Amino acid sequence: MPHRRLAALMTASALATSCAPSSPESAGPALVPVPASLRVTEGSFTLASDARIGVRSAEGAPVAEELARLLRRSTGYALPVVREPAEITLEVSGDQELGREGYTLDVTPGGVRLAAGTAEGVFRGVQTLRQLLPAAIESPAPQPGPWTIGGVSIQDRPRFSYRGVMLDVARHFFTVEQVKRYIDLAASYKVNVLHLHLTDDQGWRIEIRSWPELAGDDSYTQDDYREIVRYAAERFVTVVPEIDTPGHTNAALAAYAELNCDGVAREPYEGTEVGFSSLCVDKEVTYRFLDDVVREVAALTPGPYLNLGGDEAHSTDPEDYEKFVARAQQIVDTHGKRLMGWAEITSGSVAQHWNPREPDRARAAVARGAKLVMSPADHAYLDMKYTDSTEYGLDWAGLVEVSDSYEWDPATVVEGVGEQDILGVEAPLWTETLATSGALEFMAYPRLPGIAEIGWSPAAARSWEGYRARLAAHGPRWSARSVTFYRSPEIPWN
Ligand code: TNX
């Protein structure tokens, strides 16, 4: 009776799977990124209509106000912020034990207590608290509740200090409001860097007062850029501005004839080819230009990094490229910033690994003392198509389904590059094929949260099976926030 035996065996193994001691994450709530440590505890807490949010320190007050604003919209409760312990208490302890971004979060029948060394840590913990509440908490208008959270005790801190997203506002321009929404969504997943790709062949998107012809109609004024920086800072997100050089510069070469070696202005460009433009490395005006741009952008940017691109300079002679990068490094130093660039740059303080075919460049950057940000295109590029039939995107690095974007580790993706060489991860979104917020979101969700988890969570706490189950619970949260997302068949959406 072979069939009966087979059936019996299958039942046994099915039982074995469902009754096996569950991994820590499958027992708990559907948090992304999964916390470093989580214990489910007795009982539950229900937010009542007369609840208050308590915060003693002035430093934590803005975070408490932000939390109150968010919870008021969907609960309709008054939720006053008070300067004493309350049903939800936020505490900035000054204690650095869990680092700048770490926090503890305890939910008991008596209330919620969220504590961290810094306001930034409390803000990261607030993102966890949001995810512990029912998905309707993300609604822009009052919902019925009840607002119940199961008991839990969480201790959490990030694996890497740099967890970025990059947005290309050069190929297609996105308004300040669109960028704010992108920041808001990413910050929910504990992303702490927004790398803005501000210039490329197709457009120069930031006002430079000393070179007024660079930026056209679709661009940020300096005040617009300041507003993005301010909004990001409120969410403890650092802006890294990128002025791509010496290639990807057709927009500058079209605006100013003198930047070209032949003194002839280039035609504006709307195509999607790369590698055809270059600043003129032997002309002194090139460095006056660069110095002016770096000075103005550095003055608007509180963060430590200034990114000068350096990628795909196929029209710059290799010796010239070296010369250019050396001068660029000096200029960035002079203006008090740290040079960041794509892996081609190999010098500078931070290099970004992107091309899976060029692991040598990542190793060379490390050999020259740089730290790496890992953005391997075959995993981390949000502009790669999910499948052959994805409406938007490119496929030069392959098709990148949700599992492909999740199943990799920064410390093993480039042989010879380990944990100590890595500053963090970043998910770039190039916009050759993307012109609307809906298109951006469709490509970023659900892959962006996975990259954020890779940057935040300990490698040992992550697994694809656990992740896909947790991610499923985020669909209703995105729906409540009107996020356009890809309903990947790999995820058991609930
Ligand atoms: C490569 S990644 C580029 C970009 C393109 C992108 C498209 C990198 C440093 N350069 O210019 O937009 O591929 O995926």
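Definitions and cut-offs
Residues numbered from 1 in each chain as written. Predicted model: local features only at pLDDT ≥ 70, side-chain atom pairs only at ≥ 80, totals over all residues. Heavy atoms only, no water. UniProt positions renumbered as here; feature names shortened; annotations may be inferred. Helix = DSSP H or I, 4+ residues; strand = E, 2+ residues; numbered from the N terminus. Phe/Tyr/Trp six-rings, centres within 6.5 Å; stacked < 30°, edge-to-face > 60°. Buried < 20%, exposed > 50% of the residue type's maximum accessible area, 1.4 Å probe, protein only. 1 Å grid on protein atoms, 1.4 Å probe; cavity = no way out; pocket = protein on both sides within 12 Å on 5 of 7 lines; lining within 4 Å. Points joined across faces, edges and corners; volume = space filled by probe spheres on them. Nonpolar A, V, L, I, M, F, W, Y, C, P; charged D, E, K, R; others polar. Near = heavy atom within 4 Å. Polar contact = N/O pair within 3.5 Å; in protein donor to acceptor, adjacent residues only side chain to side chain. Areas by Shrake-Rupley, 256 points an atom, 1.4 Å probe, with all protein chains shown as cover. Disulfide = S-S within 2.5 Å.

As annotated in an unreviewed UniProt entry, the protein chain carries the name beta-N-acetylhexosaminidase and is attributed to Nonomuraea recticatena. Taken verbatim from the UniProt record of the protein chain, the Catalytic activity (unreviewed entry) comment is "Hydrolysis of terminal non-reducing N-acetyl-D-hexosamine residues in N-acetyl-beta-D-hexosaminides."

Novice: Is there a simple way to think about the UniProt feature "domain: Beta-hexosaminidase bacterial type N-terminal" (unreviewed entry) in the protein chain in this case?
Specialist: Under the UniProt annotation, "domain: Beta-hexosaminidase bacterial type N-terminal" (unreviewed entry) lies at residues 29-156. Between the C-alpha atoms that bound residues 29-156 the distance is 14 Å, and the span itself is 23% helix and 34% strand.

Novice: Explain the packing of aromatic side chains to me, please; I cannot follow it from the model alone.
Specialist: Here the structure, examined in full by the defined rule, presents 23 aromatic pairs. Aromatic side chains tryptophan 211 and phenylalanine 289 sit 5.1 Å apart centroid to centroid with 85 degrees between the ring planes, which places their arrangement in the edge-to-face category. Residue tryptophan 211 is located in the loop between β11 (203-204) and α6 (222-234), and its partner phenylalanine 289 is located in helix α8 (residues 284-300); the two are separated by 78 residues in the primary sequence. Neither tryptophan 211 nor phenylalanine 289 differs from the other in exposure class; each is buried. Ring geometry for tyrosine 386 versus phenylalanine 442: centroids 5.9 Å apart, planes at 85 degrees, classification edge-to-face. Of this pair, tyrosine 386 sits in the loop between α11 (377-380) and α12 (402-406) while phenylalanine 442 sits in helix α13 (residues 437-444); the two residues are 56 residues apart in sequence, bridging distant segments of the chain. Grouping residues by exposure puts tyrosine 386 and phenylalanine 442 together as buried.

Novice: What is the right way to look at empty space enclosed by the protein in this model?
Specialist: Empty space among the atoms becomes visible once a probe the size of a water molecule is rolled across them. Under the definition given, this model contains four cavities of 30 Å³ or more. Here the largest cavity is characterised by a volume of approximately 80 Å³. Lining the largest cavity, in full, are Gln127, Arg130, Gln131, Glu138, Leu185, Ser188, Tyr189, His474, Arg477, Trp478 and Arg481. Of all the secondary structure elements, the ones that give two or more residues to the lining of the largest cavity are α4 (119-132) and α16 (475-480). If you tally residues by element for the lining of the largest cavity, the top one is α4, at three residues. Split into classes, the residues belonging to the lining of the largest cavity amount to three nonpolar, four polar and four charged.

Novice: I would appreciate a short explanation of the site of the ligand in the present structure.
Specialist: Near the ligand lie 14 residues; those nearest to it are Arg171, Tyr381, Asp383, Trp396 and Glu432. The side chain of arginine 171 places a nitrogen or oxygen atom 2.8 Å from an oxygen atom of the ligand. Aspartate 311 places a side-chain nitrogen or oxygen 3.0 Å from a nitrogen atom of the ligand. Protein chains bury 97% of the 360 Å² of accessible surface belonging to the ligand in isolation.

Novice: Explanation requested: the UniProt feature "domain: Glycoside hydrolase family 20 catalytic" (unreviewed entry) in the protein chain in the structure shown.
Specialist: In this numbering, the UniProt entry assigns the feature "domain: Glycoside hydrolase family 20 catalytic" (unreviewed entry) to residues 160-315 and 322-458. Between the C-alpha atoms that bound residues 160-315 there is a distance of 35 Å. The span itself is 31% helix and 19% strand. A distance of 38 Å separates the end C-alpha atoms of residues 322-458, which is 36% helix and 15% strand.

Novice: Would you mind showing me how to read the state of the cysteines here?
Specialist: Formally, a disulfide is one covalent bond, and it connects the sulfur atom of one cysteine to the sulfur atom of another. Tallied over the full model, the rule gives one disulfide. Put simply, cysteine 261 and cysteine 280 are joined by a disulfide, and their sulfur atoms are 2.0 Å apart. In this structure the cystine formed by cysteine 261 and cysteine 280 twists about its S-S bond by roughly 100 degrees; its chirality is therefore right-handed. Here cysteine 280 lies in the loop between α7 (250-255) and α8 and cysteine 261 lies in the loop between α7 and α8, a separation of 19 residues in the sequence. Judged by its relative accessible area of 60%, cysteine 261 falls in the exposed class. Its relative accessible area of 3% is what places cysteine 280 among the buried residues.

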